[in-house]
Amino acid sequence: MNIEKKEEGSKTVLYLEGWMDTENAPALAQALNELDDSVEQLVLDMEKLEYISSTGIRQIIVAYKQMNGALTVINVSSEILSVLKMIGLDKKINIKE
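Cut-offs used in this document
Residues numbered from 1 in each chain as written. Predicted model: local features only at pLDDT ≥ 70, side-chain atom pairs only at ≥ 80, totals over all residues. Heavy atoms only, no water. Helix = DSSP H or I, 4+ residues; strand = E, 2+ residues; numbered from the N terminus. Rg over C-alpha atoms; globule rule 2.2 N^0.38 Å. Buried < 20%, exposed > 50% of the residue type's maximum accessible area, 1.4 Å probe, protein only. Contact = heavy atoms within 4.5 Å. Areas by Shrake-Rupley, 256 points an atom, 1.4 Å probe, with all protein chains shown as cover. Lys, Arg positive; Asp, Glu negative; His and termini not counted. Charge placed at Lys NZ, Arg CZ, Asp CG, Glu CD. Core = buried A, V, L, I, M, F, W, Y, C linked by side-chain atoms within 4.5 Å. Salt bridge = Lys/Arg side-chain N within 4 Å of Asp/Glu carboxyl O.

## A look at the overall build of the chain
Here is step 1: When helices and strands are counted, the chain shows three helices and five strands.
Here is step 2: For the chain, the α and β elements follow one another from N to C terminus as β-β-α-β-α-β-α-β.
Here is step 3: A globule of 97 residues ought to have a C-alpha radius of gyration of about 13 Å, and the chain, at 12 Å, matches this closely.
Here is step 4: Overall, the chain is about 30 × 25 × 20 Å in size when its C-alpha atoms are taken along their principal axes.
Here is step 5: In the chain, buried positions account for 40% of the 97 residues.
Here is step 6: For the chain, the share of sequence-separated contacts (at least 6 apart) that also reach a separation of at least 24 residues comes to 65%.
Here is step 7: For the chain, the accessible area works out to roughly 5700 Å², and carbon and sulfur atoms hold 44% of it.
Here is step 8: A distance of 8 Å separates the average location of the 10 positive side-chain charges in the chain from that of its 16 negative side-chain charges.

Okay, structure coming up:
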């Protein structure tokens, strides 16, 4: 999985590409750990994310908790969105298709 970071003032956008599975999800954990304390809003852009496993979903939950809810997930494919809805994450996290 590749992750590109773009900072826009107090907002950071992480562009996720590839597969976020057991092998690759630690890359997101590392990117979250490297966020500056001044980040007030985190956006995960999943336009190029092809697959997400339970380990990847766990990292999204970690991001949500780390940001105290100031997390938005955008450009989610219908397949990944259905998984996120199935487990109820769309009720907690701001998700935009």
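Here the narrative resumes.
## Concerning the nonpolar core
Here is step 1: With 28 residues, the main nonpolar core has Met20, Leu42, Leu44, Met46 and Ile60 as its most contacted residues.
Here is step 2: Of all the secondary structure elements, the ones that give two or more residues to this core are strand E2 (11-20), helix H1 (25-33), strand E3 (41-52), helix H2 (54-66), strand E4 (71-74) and helix H3 (78-86).
Here is step 3: Among residues more than four places away in sequence, those in contact with Leu44 are Leu14, Leu16, Leu28, Ile60, Leu71, Thr72, Val73 and Ile74.

## Let's talk about the pattern of salt bridges
Here is step 1: Evaluated as defined, the whole model comprises four salt bridges.
Here is step 2: With a closest N to O distance of 3.2 Å, Glu8 and Lys11 form a salt bridge.
Here is step 3: Judged by relative accessible area, which is 33%, Glu8 ranks as partly exposed.
Here is step 4: A salt bridge links Lys91 to Asp90; the shortest N-O distance between them is 3.8 Å.

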